[in-house]
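# Residue-level structural notes
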Amino acid sequence: VTGVQTCALPIWEVWAGAFKDCRALTYVELGNNLFRLEDEAFAGCPNLRTITLPSNLREIGKDVFKNTPVTVKCERDSNAYTYCMENGIPVECWD
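Residues numbered from 1 in each chain as written. Predicted model: local features only at pLDDT ≥ 70, side-chain atom pairs only at ≥ 80, totals over all residues. Heavy atoms only, no water.

## Structural notes on the sheet that holds strand E1 (residues 13–14)
One open sheet holds the three strands; their spatial order is E1-E3-E5, and the pairing between them is parallel. The open sheet has two edge strands, E1 and strand E5 (59–60), and neither has a second partner. Pairing between strand E3 (residues 36–37) and E5: two bridges, direction parallel. Within E5, the position partnered with Arg36 by the bridge is Glu59. (Pairing = 2+ DSSP bridges. Helix = DSSP H or I, 4+ residues; strand = E, 2+ residues; numbered from the N terminus.)

## Considering the environment of Asn87
Examined against the element boundaries, Asn87 turns out to sit in helix H1 (residues 79–87). By relative accessible area, Asn87 is classed as partly exposed at 44%. The spatial distance from the C-alpha of Asn87 to the C-alpha of Asp63 is 8.7 Å, given a sequence separation of 24 residues. Polar side-chain contacts of Asn87 include one of 2.8 Å to the backbone oxygen of Tyr83. (Buried < 20%, exposed > 50% of the residue type's maximum accessible area, 1.4 Å probe, protein only. Polar contact = N/O pair within 3.5 Å; in protein donor to acceptor, adjacent residues only side chain to side chain.)

## Some words on the sheet that holds strand E2 (residues 27–29)
Strand order in this open sheet of four strands is E2-E4-E6-E7, and the pairing throughout is parallel. Of all strands in the sheet, those bounded by a partner on one side alone are E2 and strand E7 (91–94). Averaged over all adjacent pairs, the angle separating strand axes in this sheet is 15 degrees, with direction ignored. (Axes fitted to C-alpha atoms, helices over the stretch in contact; angles between N-to-C directions.)

See below:
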């Protein structure tokens, strides 16, 4: 995928490499239906600065944000927060 800038769909998972190397992405907000982010889903997205992840996200794959300068917005004590802390990814929390 290379030309996507906005996506507002009730998705359950983002497949491995789905947005890999997408230069157009700058902001992503994923809704409460999402339960899985697979390996390298947003890897190599040089302009992706912010992604909002739901608190009920259960599975996060390997290198989801590899070579992507993103800050993750999520709830503290969520799987997304733990993933960010374990992988050195900047995170902003809402409580």
